[in-house]
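The primary structure of each chain is shown beneath.
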Amino acid sequence: MTVIKTKVDRRSFLKTSALAGGGLMIGFNWACSPSAEVKDPASAWFDINAYLTIADNGEVTIMSPNPEIGQNVKTSMPMLVAEELDVDWKDVIVKQAPLDNAFPRQVAGGSQSIRSSWKSMRMAGATARRLMIETAAKEWAVDVNSLTTKGGYVLNGNKKLSYGELASKAVGIEIPEEVTLKEPKDFTIIGKSQKNVDLDEIITGKPVFGIDYKQEGMQYAVVLRPPAFGAKLKSFDDTEARKVNGVTDVIQFGDKVAVLGNNTWAAMKGKKALVADWDMSGRLEDTPYHDSEMNKLLNKRAERPSRSDGDALKAMASADKVFEKTYEAPFLPHNTMEPMNFFADVTGDKVKLVGPIQTPAGTRGQIARLLEKSPDDITLEMTRMGGGFGRRLYGDFALEAAEISQKANKAVQVVFSREDDMTAGTYRPASKYKFRAAIKDGKLTGYHLSGAGIGRNNWVRPDWFPAGGIENYLIESSYVDSNITTGAWRAPITNFLAVAEQCFFDELAAEMGQDAVQLRLDILERAKNNPVGEIDYEPEKMIGVIKLAAEKGNWGKAESGVSKGFSAYYSHNTYVAEVADVIMKDGNPIVKNVTVAVDCGIVVNPDAAINQIQGGVVDGMGHALYGDFSFINGTPQASNFNNYRLIRTKEAPTVDVHFVESLNDPTGLGEPSLPPAGGALANAMAKATGNRLYKIPFVKDQMVFG
Amino acid sequence: MATYQLTINGKQQTVEADADTPMLWVLRDHLDLKGTKFGCGIAQCGACTIHMDGNAVRSCSIPVSAVSNAEITTIEGLSKKADHVLQKAWVEHDVPQCGYCQAGQIMNAAALLQRNSSPSMDEIETAMNGNLCRCGTYNKIKAAISSAASNL
Ligand code: FES
Ligand code: FES
């Protein structure tokens, strides 16, 4: 039985109150995950930031100011609540509360995934159910233990009371000290595939995305930004721009110029007609410079190691052989299908902001400072996002909208063209990894990884695989300072670290004359049974997915014409192993299929989970094959899909997903299948073509693939 | 500026626009039909796919002046009750992730099924290769098109 406490000392995780308009409202915290064992819960858990309401008409609603309503969370949250509350999941709706003062503002940063809400949602559901039972017991003057619930009713023999009838009466009832959650074996909703709740709107073209937002009289703004990182605006001439039909204004702000129009096309044409003169005398970086700076760093010791066990350098010195390989990856734009956009109306007393953003509270704060207003005078409404991948963590486009609206004294929607979106990015930074392995008497005796990248110093995950499995182990990270804006990109850092690492283990296994899977398993056995130092992953789980993928992907079994590549990685608390099948057709490699084994704890919504995992694999492979983004004189060398290649349907493999059966709490799904994908692909391609690839993109334009 | 008479989703519409205005923006900004999406503006992604006399075209690259008497269908007009065989298949397979590319995918697939009611997987891939999905829902898109075809 999973019993969870609703109170610690006299403080309660939940608060009930009357719902305006009749009914019960239970406030709680998204990220609160108390269990019976928790003695000193985090004080933040007592901050209420979400509400479960049952209205007098029986409607059950989750109200949250949470921006991370992507990745199908809007569907999986109601599933958790419905499961514990005993209502049909379709009767629970998620409403996204606007970011205003009706709701307290403790919006946690980052992704509020199913992981952080797993217990809190169920606790709220179970508490509400318990309150319904207690209220019904009072009504009928019977013992609570004689009552059961089903489909939104409390049952007493053949008598029943609906939750709607009970809701208002439950307001004064005290919250029980603890509630019992269902056992996974009793789940009837969790673990069964449920459809995306927004499906109908999407397939009928309803205006649900930020770019679809429209307010009467609003102007569309398209912005001319410096052509290079490091360039500055000297002057501009807007004579021709102002002549374009539909152009209503031209506004300079900082080094940028916005053209406003009464339709998007007019604003785009107006922007093209601007003539600007740029000061290019500043620091303009380019890819050869980044490469040589990173290479320098890889060849010297970091100031201090990220981790050091034993003495890796000594192991290298006394090895029979030191095996060394370096892998490289470029910058990457996010390329969400919906280009960046944001609406701002700064003309009234209250500032109104609407758009797709993953960090509403932070963005509102920044805009408040920019406009010299109080955040209380700003409302921010989040729309559905046409992809994020990390790009919408940064509010640059929202700030632009606010500034233009203020300067023009008009309501505006800033719209990025694809070219704007690709060339004014917050890119995945370029990086390089140099691996060295000491081999003595046929054994792996030392491991040394140096990572270097652009913009920030965070290039390694020192306590993850293979940490704990190798006696002498040295991990280092260093970085090159840059004026190119960089940021999080789906599975930050590990999106390439994993590719490099998993390629290296493949090559190392071949060098040592071992099976690639067996080498990983041997290291993991050591990490599991007798770890060197502390580790931050569970070798047992990694072994589990490796074995499952090897079995389902027919690893080690010859299939005529098929070359197999293996890869495994742990990230976002989820374990993933992949086997890629590559075949040659007319001299060109094609990935036919990828077998994926995943340990993400309990799978809440299997179809949606499979969709995320397939998407991650396709994304990881696509960017490993084609992702190519470089700079010359600070200027991005790709700007639209004619010169930046994204994976298309012909090139995408089928992805066959297998879950490890688990009763553990659910973990992340949006990202973990991506990091291992590129490695599985490269390892299979090396076998298929005899050619090992060290540099992303694996496929240059002239090469045919698929 | 000129005045254009257009037939969109079976309805007569009058639009004042510059001759070079792409249909994409006429639909989205002039007529408030926001279902047709902007992805690239240069006929590379398929997000803006509509039907012109039954053929799938990229509305970002068709100026309003080139449309004249053609019958235009957008995602909003594909069916009355979201019950086109593809829309039903999209629900059955729960295809979308972010959802942004999906209107274009459905419109392109609908034109494919119109001319070929039992496409092979190869034919599906060839027809759909112009439609990008950044979320990588290609597996589900193909499965949904196959099952829609089998339900025709
Ligand atoms: S927006 Fe028309 S094809 Fe991309
Ligand atoms: S579902 Fe997001 S781009 Fe296709």
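Model, not experiment: these values are computed from the prediction.

Draft legend 1. Looking closely at the overall build of chain B. Along chain B, the regular secondary structure elements total five helices and five strands. Beginning at the N terminus, the succession of helices and strands in chain B can be written as β-β-α-β-β-β-α-α-α-α. Computed over C-alpha atoms, the radius of gyration of chain B comes to 15 Å, within 12% of the 15 Å expected from 2.2 N^0.38 for 152 residues, which places it in the range of a compact globule. Overall, chain B is about 45 × 25 × 25 Å in size when its C-alpha atoms are taken along their principal axes.

Draft legend 2. Spatial organisation of the overall build of chain A. When you go through chain A residue by residue, the secondary structure sums to 16 helices and 32 strands. By its C-alpha atoms, chain A is 80 × 75 × 50 Å across when sized along the principal axes. The 706 residues of chain A split such that 61% are buried. Taking contacts inside chain A between residues at least 6 apart in sequence as the whole, the part at least 24 apart equals 76%.

Draft legend 3. Local environment of the domain arrangement of chain B. Residue and element names in this part refer to chain B. For chain B, the assigned domains are domain 1 (2-77) and domain 2 (85-150). Taking only C-alpha atoms, the centre of domain 1 and the centre of domain 2 are 21 Å apart. Between domain 1 and domain 2 lies a buried interface of about 1100 Å² when both sides are counted; carbon and sulfur atoms form 61% of it. Where domain 1 touches domain 2, the interface holds five residue pairs in polar contact (both at pLDDT 80 or more). Breaking the side of domain 1 that touches domain 2 down by element, the ones donating at least two residues are strand 3 (49-52) and strand 4 (55-58). Here the side of domain 1 that touches domain 2 takes three residues from strand 3, the largest share from any one element. Considered class by class, the residues forming the side of domain 1 that touches domain 2 number six nonpolar, eight polar and two charged.

Draft legend 4. Representation of the sheet that holds strand 18 (residues 307-309) of chain A within the structure. Residues and elements named next belong to chain A. Spatially, the five strands line up as an open sheet ordered 18-26-25-24-19, and their pairing is mixed. Across the chains shown, the open sheet's two edge strands, defined by having one partner strand only, are strand 18 and strand 19 (321-329). Pairs of neighbouring strands in the sheet enclose a mean axial angle of 15°, with direction left out of account. Running at roughly 145° to strand 25 (residues 443-454), helix 7 (residues 287-298) makes contact with strand 19, strand 24 (431-440), strand 25 and strand 26 (472-480) of the sheet.

Draft legend 5. Here's a closer look at the sheet that holds strand 8 (residues 92-96) of chain A. Residue and element names in this part refer to chain A. In space, the five strands of this open sheet follow the order 4-5-6-7-8, with mixed pairing throughout. This sheet does not close on itself; its edge strands, each paired only once, are strand 4 (15-18) and strand 8. Pairwise comparison of adjacent strand axes, ignoring direction, gives a mean angle of 25° for this sheet. Two strands pair when backbone bridges link them, and strand 5 (residues 23-28) and strand 6 (residues 50-55) are joined in this way by six bridges, in the antiparallel orientation. When the bridges of strand 6 are listed, Gly27 appears paired with Tyr51. Of the strands in this sheet, strand 6, strand 7 (60-64) and strand 8 are in contact with helix 1 (residues 73-85), which crosses strand 8 at around 135°.

Draft legend 6. Spotlight on the packing of helix 13 (residues 516-529) of chain A against helix 14 (residues 539-552) of chain A. Residue and element names in this part refer to chain A. Here helix 13 crosses helix 14 at 160°, and the two axes come no closer than 9 Å. One finds that helix 13 runs roughly antiparallel with respect to helix 14. Here helix 13 and helix 14 pass one another in a crossing that is left-handed. Contacts from Val517, Arg520, Leu521, Leu524, Glu525, Ala527 and Lys528 of helix 13 reach helix 14 at Pro539, Glu540, Met542, Ile543, Ile546 and Lys547.

Draft legend 7. Representation of helix 9 (residues 360-371) of chain A. Residues and elements named next belong to chain A. The end-to-end C-alpha distance of helix 9, which contains 12 residues, comes to 16 Å, matching closely the 16 Å that a straight helix rising 1.5 Å per residue would cover. The complete set of buried residues in helix 9 reads Pro360, Thr363, Arg364, Gly365, Ile367, Ala368 and Leu371. The inward-facing, buried residues of helix 9 contact strand 21 (351-355), strand 22 (378-382) and helix 10 (396-408). Once helix 9 finishes, Glu372 follows within two positions and takes phi at roughly 55°, a positive value.

Draft legend 8. Just unusual backbone geometry, in detail. With an omega of 0°, the peptide bond between Phe465 of chain A and Pro466 of chain A qualifies as cis. The omega torsion of the bond from Ile696 of chain A to Pro697 of chain A falls at 5°, within 30 degrees of zero and hence cis.

Draft legend 9. Focus on the interface of chain B and chain A. Taken together, the contacts link 52 residues of chain B with 58 residues of chain A. Overall, the association of chain B and chain A removes approximately 4800 Å² of surface from exposure, summing both partners, and the carbon and sulfur fraction of that is 55%. Inspection of the chain B/chain A interface yields six salt bridges. Elements supplying a minimum of two residues to the side of chain B that touches chain A: helix 1 (23-30), helix 2 (85-93), helix 3 (102-115), helix 4 (121-128) and helix 5 (138-150) of chain B. Residues of the side of chain B that touches chain A, tallied by class, amount to 22 nonpolar, 16 polar and 14 charged.

Draft legend 10. Up close: the pairing of strand 27 (residues 562-571) of chain A. All names here are of chain A. Across the 10 residues of strand 27, nine count as buried, placing the element largely inside the fold. Summarising the sheet, strand 27 and strand 28 (residues 574-585) pair through 10 bridges and their orientation is antiparallel. Counterpart to Val562 in the pairing with strand 28 is Ile583. Here strand 27 folds back onto strand 28, and the loop between the two strands holds two residues, one of which, His572, carries a positive phi near 50°.

Draft legend 11. Quick look at the confidence of the model for chain A. Residue and element names in this part refer to chain A. Put simply, chain A has an average pLDDT of 91, and 93% of its residues get 70 or more. Under a pLDDT of 50 for its full length, residues 104-112 has, in the predicted model, 18 contacts with residues more than four places off or in other chains. Segment residues 702-706 is flagged for pLDDT under 50; beyond a separation of four residues in sequence, or across chains, it makes 14 contacts in the model.

Analysis parameters
Residues numbered from 1 in each chain as written. Chains lettered and ligands numbered in written order. Predicted model: local features only at pLDDT ≥ 70, side-chain atom pairs only at ≥ 80, totals over all residues. Heavy atoms only, no water. Helix = DSSP H or I, 4+ residues; strand = E, 2+ residues; numbered from the N terminus. Rg over C-alpha atoms; globule rule 2.2 N^0.38 Å. Buried < 20%, exposed > 50% of the residue type's maximum accessible area, 1.4 Å probe, protein only. Contact = heavy atoms within 4.5 Å. Domains from an automatic or database assignment. Buried area = accessible area lost by both parts, 1.4 Å probe. Polar contact = N/O pair within 3.5 Å; in protein donor to acceptor, adjacent residues only side chain to side chain. Nonpolar A, V, L, I, M, F, W, Y, C, P; charged D, E, K, R; others polar. Pairing = 2+ DSSP bridges. Axes fitted to C-alpha atoms, helices over the stretch in contact; angles between N-to-C directions. Parallel < 35°, antiparallel > 145°, perpendicular 65-115°, else oblique. Left-handed = near helix turned anticlockwise from the far one by under 90°. Expected span 1.5 Å × (residues − 1). Salt bridge = Lys/Arg side-chain N within 4 Å of Asp/Glu carboxyl O. pLDDT = per-residue confidence, 0-100.

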